[in-house]
Amino acid sequence: MDTRTGGAGGQPGASGGAGAAGRNLLFLREEELRLAQDLLFFGYRDFTAGPDAILAEMGMGRAHHRVLHFLGRRPGLTVGELLSILAITKQSLSRVLTPLMQQGYVAQSPGRADRRQRLLALTPEGEALERRLFERQRETVTRAYREAGPVAVEGFRHVMRGLMGPEARKALERLGGTDRPSARAVPAQGASPGAPHAGPRPPAPKPMPGKAP
């Protein structure tokens, strides 16, 4: 059977059975999979362009953005939990965390049950920076979601979840992420761009000690 036509004997109009299955597999052709790579590359490039420009002016980059993002999502993450989420070495994390702490964007405190733990959270300055970066990317995602519609958004979430390995899925679940549709996930047409961020907001971090040396 030629999957390009979707039917036995090359009949493009065949319905049901093998014909329907063939049409449903068109997206698995190599050219379609390469297109998926192109879409991921260019989508990510433009999704990160705004925050990249902001951070470049501050001498920072995407590694710093990732730390700011996840601490904004889950204040009080331990160093070990952050390492697991980012899947990087302690040395790599240290190179990113040190300037963020020195510049007053991230603070740490000892754990309550285990004083050896280091709990990380954004300072007010860090929250403001993370929010500024989020707002730039929210504009991009909101526009794309509105143009695509809820059915496409749901499909996008399933595809992105399918690209993740088991550890990434577990990390997403711990952060409260989900691929379930939400009535608030896609702002209605004409909604104000400044409307509150859809989805659960993390609790505000408790007062932290002064800036780390």
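Residues numbered from 1 in each chain as written. Predicted model: local features only at pLDDT ≥ 70, side-chain atom pairs only at ≥ 80, totals over all residues. Heavy atoms only, no water.

1. Description of the pattern of salt bridges
Phase 1: Under the counting rule described, the total for this entry stands at eight salt bridges.
Phase 2: One salt bridge connects Glu 173 with Arg 161, and the closest N-O pair in it is separated by 3.0 Å. Here the residue Glu 173 occupies a position in helix 8 (residues 166-174), and Arg 161 occupies one in helix 7 (residues 150-163), the gap between them amounting to 12 residues.
Phase 3: You can call Glu 173 partly exposed: its relative accessible area is 48%.
Phase 4: Salt bridges linked by common partners bring Arg 131, Glu 135 and Arg 138 together as one network. (Salt bridge = Lys/Arg side-chain N within 4 Å of Asp/Glu carboxyl O. Helix = DSSP H or I, 4+ residues; strand = E, 2+ residues; numbered from the N terminus. Buried < 20%, exposed > 50% of the residue type's maximum accessible area, 1.4 Å probe, protein only.)

2. Notes on the pairing of strand 3 (residues 118-122)
Phase 1: Most of strand 3 is tucked away, with four of its five residues classed as buried.
Phase 2: When strand 1 (residues 77-78) meets strand 3, the two strands line up antiparallel, connected through two bridges. What sits directly across from Leu 77, in strand 3, is Leu 120.
Phase 3: Direction of pairing for strand 2 (residues 106-110) relative to strand 3: antiparallel, over a ladder of five bridges. Its bridge partner lying in strand 3, Ser 109 is registered against Leu 119. (Pairing = 2+ DSSP bridges.)

3. Details of the packing of helix 3 (residues 62-73) against helix 4 (residues 79-86)
Phase 1: It is the contact of helix 3 with helix 4, at a shortest axis distance of 11 Å, that shows an interaxial angle of 120°. By the angle class used here, helix 3 and helix 4 are oblique. Pair helix 3 / helix 4 crosses with right-handed handedness. Residues Arg 66, Val 67, Phe 70 and Leu 71 of helix 3 pack against Leu 82, Ile 85 and Leu 86 of helix 4.
Phase 2: Of the residues belonging to the contact of helix 3 with helix 4, the class tally is six nonpolar, no polar and one charged. (Axes fitted to C-alpha atoms, helices over the stretch in contact; angles between N-to-C directions. Parallel < 35°, antiparallel > 145°, perpendicular 65-115°, else oblique. Left-handed = near helix turned anticlockwise from the far one by under 90°. Contact = heavy atoms within 4.5 Å. Nonpolar A, V, L, I, M, F, W, Y, C, P; charged D, E, K, R; others polar.)

4. Description of the side chain of Thr 123
Phase 1: Residue placement: Thr 123 occurs in the loop between strand 3 and helix 6 (124-148).
Phase 2: For Thr 123, a relative accessible area of 11% gives the class buried.
Phase 3: Look past the residues within four positions of Thr 123 in its chain and what remains in contact with it is Gly 104, Tyr 105, Val 106 and Ala 107.

5. A look at a nonpolar patch on the surface
Phase 1: Together, Leu 25, Phe 27, Leu 28 and Leu 33 line one region of the surface with nonpolar side chains, adding up to about 390 Å² of accessible area.
Phase 2: Note on placement: Leu 33 falls in helix 2 (residues 30-57).
Phase 3: Leu 33 sits in the partly exposed class, given a relative accessible area of 44%. (Patch = residues over 30% accessible without salt bridge, like charges linked within 9 Å, V, L, I, M, F, W, Y side chains within 5 Å. Areas by Shrake-Rupley, 256 points an atom, 1.4 Å probe, with all protein chains shown as cover.)

6. A few points about the sheet that holds strand 3
Phase 1: The strand order across the open sheet formed by three strands is 1-3-2, and the pairing between neighbours is antiparallel. Because the sheet does not close on itself, it has two edges, and the strands there are strand 1 and strand 2.

7. Things to note about unusual backbone geometry
Phase 1: Residue Ala 87 is not a glycine yet carries a positive backbone phi of 55°.
Phase 2: Note on placement: Ala 87 falls in the loop between helix 4 and helix 5 (90-102).

8. Let's talk about the confidence of the model for the protein chain
Phase 1: Chain-level pLDDT for the protein chain is 79 on average; 72% of the residues reach the 70-or-more range.
Phase 2: The secondary-structure element of the protein chain with the lowest mean pLDDT is helix 1 (residues 17-24), recorded at 60, while helix 6 shows the highest, at 97.
Phase 3: Every residue in residues 1-15 scores below 50 in pLDDT, and together they form 24 contacts with partners more than four places removed in sequence or on other chains.
Phase 4: Low pLDDT, under 50, characterises residues 179-213; the predicted model gives this stretch 54 contacts beyond four residues in sequence or across chains. (pLDDT = per-residue confidence, 0-100.)

9. Side note on the environment of Arg 74
Phase 1: With respect to the helices and strands, the residue Arg 74 is situated in the loop between helix 3 and strand 1.
Phase 2: What makes Arg 74 partly exposed here is its relative accessible area of 31%.

10. What about helix 5?
Phase 1: For helix 5, spanning 13 residues, the distance from its first C-alpha to its last is 18 Å, which sits close to the expected 18 Å at 1.5 Å a residue.
Phase 2: Taken as a whole, helix 5 has its buried residues at Leu 93, Val 96, Leu 97, Pro 99, Leu 100 and Met 101.
Phase 3: Taken from the residues just after helix 5, Gly 104 is the one with a positive phi, measuring 80°. (Expected span 1.5 Å × (residues − 1).)

11. Thoughts on the side chain of His 64
Phase 1: Position of His 64 relative to the elements: it lies in helix 3.
Phase 2: Exposure remark for His 64: the relative accessible area of 12% places this residue in the buried category.
Phase 3: Other than its neighbours up to four places away in sequence, His 64 contacts Val 96, Pro 99 and Leu 100.

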